[in-house]
Amino acid sequence: GLRNAWRFSFDRLTGDLWAGDVGQNAWEEISIITRGGNYGWNVREGHHAFRGGEKTPDMIDPVISHNVREARSITGGYVYRGTRIPALQGAYLYADYATGWVWALRWNGAKVTQHQRIGRGGAVSSFGEDADGEVYFTAFDGRVYTFEAGAAEPAGQFPRKLSETRLFSNTRALTPHPALIPYSVNAPLWSDGSNKDRHVMLPGLAKISVQPDGTYRYPTGTIFVKSFLAGTHRLETRLLVKRRAGWAGFTYVWNAAQDDAFLIDGRVDRPLAPAVARHLATRTWTFPGRSDCTSCHTAQGGFVLGFRSEQLDRPHDYGGTQENQLDALKRIGLFEGDPRTRPAWPAWNDGKTSGAPAVRAYLDANCAFCHMPGGTGNAKIDLRFATPLEKTQMLREAPGHTDLGVKGATILSPGRPGASLLYLRMLRTDAKGMPNLAHQAVDKVAAARVKAWIDRLR
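A few points on the structure.

The rules behind these values
Residues numbered from 1 in each chain as written. Predicted model: local features only at pLDDT ≥ 70, side-chain atom pairs only at ≥ 80, totals over all residues. Heavy atoms only, no water. Helix = DSSP H or I, 4+ residues; strand = E, 2+ residues; numbered from the N terminus. Rg over C-alpha atoms; globule rule 2.2 N^0.38 Å. Contact = heavy atoms within 4.5 Å. Areas by Shrake-Rupley, 256 points an atom, 1.4 Å probe, with all protein chains shown as cover. Lys, Arg positive; Asp, Glu negative; His and termini not counted. Charge placed at Lys NZ, Arg CZ, Asp CG, Glu CD. Salt bridge = Lys/Arg side-chain N within 4 Å of Asp/Glu carboxyl O. Buried < 20%, exposed > 50% of the residue type's maximum accessible area, 1.4 Å probe, protein only. Pairing = 2+ DSSP bridges. Phe/Tyr/Trp six-rings, centres within 6.5 Å; stacked < 30°, edge-to-face > 60°. Expected span 1.5 Å × (residues − 1).

## Regarding the overall build of the chain
Phase 1 of the analysis: Of the regular secondary structure elements, the chain holds eight helices and 28 strands.
Phase 2 of the analysis: By the compact-globule yardstick of 23 Å for 458 residues, the chain fits well, its C-alpha radius of gyration being 23 Å.
Phase 3 of the analysis: Along the first, second and third principal axes, the C-alpha set of the chain runs to 70 × 60 × 50 Å.
Phase 4 of the analysis: Pairs at least 24 residues apart make up 50% of the contacts formed inside the chain by residues separated by at least 6 positions.
Phase 5 of the analysis: Carbon together with sulfur atoms contributes 51% to the accessible area of the chain, which is approximately 21600 Å² in total.
Phase 6 of the analysis: Charge-centre separation for the chain: the mean point of 57 positive side chains lies 4 Å from the mean point of 44 negative side chains.

Below, the structure written as structure tokens:
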């Protein structure tokens, strides 16, 4: 009756046995286990039928279930019985491996009385408790994490309208607040052919700290703002905010009048008007929910994806004046330390860039946040730009999941694009396509460059 239980634990006070159960396609679940209980798999997935299965009277529903828009790989935890954080007393703590979110759940034996996200870790692999009932969790970054009081997200306090954030001095004209700093990147994430405007804002006089490994550390209160446009028509504006509980994403959908945008909580799929769709590679648009944001902005990927040395080291037009972006950002005092830590990537959209460096930069920007050591992707490949090709675990490697019906296909078959799953997945927009989130149209330019690159490999 359980599909793939990932971590059981006993409540040391009541003796209840809790389990986190990883789903197959659409639902993750948390259950309390009774001796001989039937938990429904593979007739049920979460609270729902699986492939048309019918529930029988002996089947026990989970305490709670998450669809894949909220969580994709549950890690079961413990009921908190410590004393250091009284507000968590009696709450079952668990997490999602893919997004890193940690929840507190209260159950009175008949219904859920509280369910709240309380913070975010990395790829949470397991929980544990000490002799005093204090709870810890581990992640694939090799660390052990503790809980601190006051980390819970305040409910209902985030602005529901983009205009209420005051990030734009004129929302109708999309005029950024003077504290918003524009930036651009060398290798953008494919987003079905949309245009993007990017900005960052730091709190007060705080600076971005350059770390010894070349990454950047951001102060609490940092806000990244990215607007997506079809031609000049605004589709959405996304915020990535560093709060005390960690990084969180927020999506604002623009209204028809184009004078304001409104916050959504879950994913929304919407058909586009023909006059809008003609500027894109798709006729529909997926507006991501908050868990969608955290599926890509992972701890393994550093949470912030585009704002990095190799992406920012490029000319940027500052209102008619061009200057190297890293030089300009350093000059205005945005960084503590030298921000130029790694060689610049090729500029993907300059009309001249091609070849292996450009392809590897594209794969890093679009895929490596999942496909890296400790990443949330299922394939054990490393698509980071700096990883030598022979160490990416792609060359002539058999697929771990599907060969897409191509006999003899490997992840990367030198000289054979038609037998390279890396390329073939780029040509699909279904569940077997890559990237597998908000990818409704094939990036034809990228696919052609990847094909040419594989053709030349020997």
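## Focus: the pattern of salt bridges
Phase 1 of the analysis: Tallied over the entire structure, the rule returns 15 salt bridges.
Phase 2 of the analysis: A salt bridge links Glu310 to Arg308, with the nearest nitrogen and oxygen atoms 3.2 Å apart.
Phase 3 of the analysis: Residue Glu310 is classed as buried on the basis of its relative accessible area, which comes to 6%.
Phase 4 of the analysis: With a relative accessible area of 21%, Arg308 lands in the partly exposed category.
Phase 5 of the analysis: Between Arg308 and Asp364 there is a salt bridge, and its shortest N-O distance comes to 3.3 Å. Taken together, the residues span a long stretch of sequence, with Arg308 in the loop between α3 (290-296) and α4 (309-312) and Asp364 in helix α6 (residues 356-367) at a distance of 56 residues.
Phase 6 of the analysis: Classification of Asp364 as buried rests on a relative accessible area of 6%.
Phase 7 of the analysis: A single network of salt bridges, built from pairs that share partners, joins Arg308, Glu310, Arg342 and Asp364.

## Description of the pairing of strand β21 (residues 233-243)
Phase 1 of the analysis: Where burial is concerned, most of β21 is hidden: nine out of the eleven residues are buried.
Phase 2 of the analysis: Joining the antiparallel neighbours strand β20 (residues 223-230) and β21 is a turn of two residues, in which Gly231 adopts a positive phi near 70 degrees.
Phase 3 of the analysis: Linkage of β21 to strand β22 (residues 246-254), two consecutive antiparallel strands, is achieved through a turn of two residues.

## Looking at the packing of aromatic side chains
Phase 1 of the analysis: Considering all chains together, one arrives at 22 aromatic pairs under this definition.
Phase 2 of the analysis: Each ring, one from Tyr92 and one from Tyr94, has its centre 5.8 Å from the other, and the planes form 20 degrees; the classification is stacked.
Phase 3 of the analysis: A relative accessible area of 0% means that Tyr92 is categorised as buried.
Phase 4 of the analysis: Using a relative accessible area of 0% as the deciding quantity, one classes Tyr94 as buried.
Phase 5 of the analysis: Geometrically, the ring pair formed by Tyr97 and Phe140 is edge-to-face, given 5.7 Å between the ring centres and 85 degrees between the ring planes. Remark: Phe140 occurs in the loop between β12 (135-139) and β13 (144-145) and Tyr97 occurs in the loop between β8 (92-96) and β9 (101-107); sequence separation between them is 43 residues.
Phase 6 of the analysis: Here Tyr97 falls in the buried class, since its relative accessible area comes to 17%.

## Here we look at α6
Phase 1 of the analysis: In this model, α6 (twelve residues) spans 16 Å end to end at C-alpha, consistent with the 16 Å of a helix rising 1.5 Å per residue.
Phase 2 of the analysis: Summarising burial for α6: ten of the twelve residues are buried, a large majority.
Phase 3 of the analysis: All of the buried residues along α6 are Ala358, Val359, Arg360, Ala361, Tyr362, Leu363, Asp364, Ala365, Asn366 and Cys367.
Phase 4 of the analysis: Where α6 is buried, its residues touch α4, α7 (421-426) and α8 (444-456).

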